[in-house]
Amino acid sequence: MSDIETFEQLFQNGLEHIYDAEKQLTKALPKMAEASSSPQLRQAFDEHQRQTEEHVRRIERIFSMLETSSSSRSNKVVEEMTDEAQKMIKHTDPSALRDAALIVAGNQVEHFEVACYGSLRNFAELLGRNDIVEILQQTLNEEKQADELLTRIGEQDVNRKAAQMRGEMARR
Ligand SMILES: [Fe+2]
Ligand SMILES: [Fe+2]
């Protein structure tokens, strides 16, 4: 039997998914910061970790505004992405190469979050909850900024250094 039958329930379901994602990310981001060699990259992950703690609190605030409980639905997508980031850390030495891999992982997560928050914000608009739209917009802006910062660090610094670490493939 279906348990999502209304637009409100779909909205609630989306919130529960991103709530779990954000909670997972508060644990993954410190590991990504710790594994970074570039001080800039480390700082970016640290800063976004602090923002992510706030993202969790904002969703809890939204749940209370909706007068529903703060429940989460396990987010397998983010679990998979953070596992992948851990694997990349395991398979690389601390280096620009690892930093480049961490930026790829970070960009993937931020894009995912941008997609989720973009839809949720629109859902809140359609539900006439401008108070909630405002909160979601704030988080959406921070996800976009985090994504852009990671891209900038990659393109202006890390990726070039990583590209210098060439092996057999480059010599063919
Ligand atoms: Fe977030
Ligand atoms: Fe994020």
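Once a new chain begins, its residue numbering starts again from 1 and follows that chain's sequence as written. All chains are assigned letters beginning with A, and all ligands numbers beginning with 1, in the order in which they are written. Two thresholds apply to this predicted model, a pLDDT of at least 70 for residue-level local features and 80 or more for giving and counting side-chain atom pairs, whereas whole-chain, interface and lining totals are computed over all residues.

Draft legend 1. Region of the structure containing the overall build of the chain. Only DSSP runs of H or I covering at least 4 residues are called helices, and only runs of E covering at least 2 are called strands; the numbering of each starts at the N terminus. Secondary structure summary: the chain contains six helices and zero strands in total. Its helices and strands taken in sequence order, the chain reads α-α-α-α-α-α from the N to the C terminus. Along the three orthogonal principal directions, the C-alpha set of the chain runs to about 60 × 35 × 25 Å. For the chain, with 172 residues in total, the buried portion stands at 33%. Restricting the contact set of the chain to residue pairs at least 6 apart, pairs at least 24 apart contribute 75%. Three classes are used. A residue is buried when 20 or more other C-beta atoms lie within 10 Å of its own, exposed when 12 or fewer do, and partly exposed in between, with C-beta atoms placed from the backbone. A pair of residues counts as a contact when their C-beta atoms, built from backbone coordinates, are separated by no more than 7 Å.

Draft legend 2. Representation of unusual backbone geometry within the structure. At Glu67, a position not held by glycine, the phi torsion is positive, near 55°. Turning to its location among the elements, Glu67 is positioned in the loop between helix H2 (39-65) and helix H3 (76-91).

Draft legend 3. Local environment of H2. The span one expects for a helix is its residue count, reduced by one, times 1.5 Å. Compared with an ideal rise of 1.5 Å per residue, which puts 27 residues at 39 Å, H2 spans 39 Å between its outermost C-alpha atoms and is within 8% of the ideal. Among the residues of H2, those classed as buried are Leu41, Ala44, Phe45, His48, Thr52, His55, Ile59 and Ile62. In this structure, the buried residues of H2 make contact with helix H1 (7-35), helix H4 (96-126) and helix H5 (130-163). Glu67, located one to two residues past H2, shows a positive phi value of around 55°.

Draft legend 4. Spatial organisation of the environment of Met165. The topology assignment puts Met165 in the loop between H5 and helix H6 (168-171). On the basis of neighbour counts, which here come to 13 C-beta atoms within 10 Å, the residue Met165 falls in the partly exposed class. Here the alpha-carbon distance between Met165 and Val109, two residues 56 residues apart in the chain, equals 26 Å. Beyond its immediate chain neighbours, meaning those up to four positions away, Met165 contacts Ser95, Ala96 and Leu97.

Draft legend 5. View of the nonpolar core. Put simply, a nonpolar core is buried Ala, Val, Leu, Ile, Met, Phe, Trp, Tyr and Cys residues tied into one set by C-beta atoms within 7 Å. Counting 38 residues, the largest nonpolar core has Leu102 and Leu120 as its most contacted members. Elements represented by at least two residues in this core include exactly H1, H2, H3, H4 and H5. When residues in this core are grouped by element, the largest group, 13 residues, is from H4. Non-local contacts of Leu120, meaning those with residues more than four positions away in its chain, are made with Phe11, Gly14, Leu15, Ile18 and Leu136.

Draft legend 6. Fine view of the environment of Arg121. Residue position: Arg121 is located in helix H4. Since 19 C-beta atoms lie within 10 Å of it, Arg121 is described here as partly exposed. Taking the C-alpha atoms as reference points, Arg121 and Ile132, eleven residues apart in sequence, are found 7.7 Å from one another. Those residues in contact with Arg121 that lie beyond four places of it in its chain are Val133, Leu136, Gln137 and Leu140.

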